[in-house]
Amino acid sequence: MKTLIIYTSQTGFTKKYAQWIAERMHADLLELTEARKKAAEFFGEYQAIAYGGWAMAGTLVKLKWFLDKAAAWKDKRLAVFCVGGSPHDNPDVEKMLGKLLTDDQRQYIAAFYCQGGFNYEKMNLPSRLAINMFVGMLKKKKDATEAEKTMAQMIASSYDISDIQYTDPIVEYLQGGK
């Protein structure tokens, strides 16, 4: 099955996952800026297309571009994967995944999450400032829950919790599985 993986990555975690998926599937790999330059006919040769981006404020960055295109690709195997700094088992991950797609879009697009991490050295300044403000707010919160305290401690510095195992369900789905 001819497959295309499209991604956008700020600090490298999404790029790593996109590369892992592309390698495992012998798929073509395009960064979003390059994919945007392609004419509609270019995508016609693919039977499966996946879009990956990073999680920010409970959503998948630049997802709108993919969703706008996906409406015309309903005959293809479509997936989105979101890479974020939360562990895979964080309950907020399921909530976020549930909000990414409409009920209609869920009929022809599957959504997945891959835990990545934080790399402050590669993060752009606005993102770094937003995270630092969020961490500061959590640390000062008087009635912070244990989950909030753990999150503040975790995202206060760079870390990498990415693992190729989180590509398994994406690869399986794109190859025709459930």
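The structure contained in this document is the topic of the report that follows. (Residues numbered from 1 in each chain as written. Predicted model: local features only at pLDDT ≥ 70, side-chain atom pairs only at ≥ 80, totals over all residues. Heavy atoms only, no water.)

## What about the state of the cysteines?
Rules: A pair of sulfur atoms, both from cysteines and within 2.5 Å, is called a disulfide here. Exposure is judged per residue with a 1.4 Å probe applied to protein chains only, and the accessible area is read against the type maximum: over 50% gives exposed, under 20% gives buried, and values in between give partly exposed.
This model, assessed by the stated rule, comprises zero disulfides. Free cysteine: Cys 82, not disulfide-bonded; nearest cysteine sulfur from Cys 114 at 8.5 Å. Judged by its relative accessible area of 0%, Cys 82 is buried. Judged by its relative accessible area of 0%, Cys 114 falls in the buried class.

## What about the pairing of strand β1 (residues 3–7)?
Worth spelling out the cut-off: Starting at the N terminus, helices and strands are each numbered in turn, a helix being any DSSP run of H or I of at least four residues and a strand any DSSP run of E of at least two. Two strands pair under a simple rule: DSSP has to find at least two bridges between them.
Most of β1 is tucked away: five of the five residues are buried. Of the two faces of β1, the one lined by Thr 3, Ile 5 and Tyr 7 and the one lined by Leu 4 and Ile 6 are each fully buried. Pairing analysis gives five bridges linking β1 to strand β3 (residues 48–56), with the strands arranged parallel. Paired with Tyr 7 across the strands is Gly 52, a residue of β3. Direction of pairing for β1 relative to strand β2 (residues 28–31): parallel, over a ladder of four bridges. Counterpart to Ile 6 in the pairing with β2 is Leu 30.

## Quick look at the layout of surface pockets
Short version of the rule: The method works on a 1 Å grid over the protein atoms by themselves. A cavity is a set of points holding a 1.4 Å probe that cannot get out, a pocket is an open set with protein on both sides within 12 Å along at least five of seven lines, and residues with an atom within 4 Å of a point line them. Grid points are joined across faces, edges and corners, and a volume is the space filled by probe spheres set on the points. Asp, Glu, Lys and Arg are counted as charged, while Ala, Val, Leu, Ile, Met, Phe, Trp, Tyr, Cys and Pro are counted as nonpolar; the rest, among them Gly, fall into the polar class.
A volume near 1100 Å³ is recorded for the largest pocket. Together, 40 residues line the largest pocket, and Ala 55, Ala 57, Gly 85, Ser 86 and Phe 118 are the ones closest to its centre. Looking at the lining of the largest pocket, the elements with two or more residues in it are α1 (13–25), β3, β5 (77–84), α5 (91–100), β7 (117–118), α7 (125–140) and α8 (146–154). With six residues, the single largest contributor to the lining of the largest pocket is α5. For the lining of the largest pocket, the residue count by class is 22 nonpolar, 14 polar and four charged.

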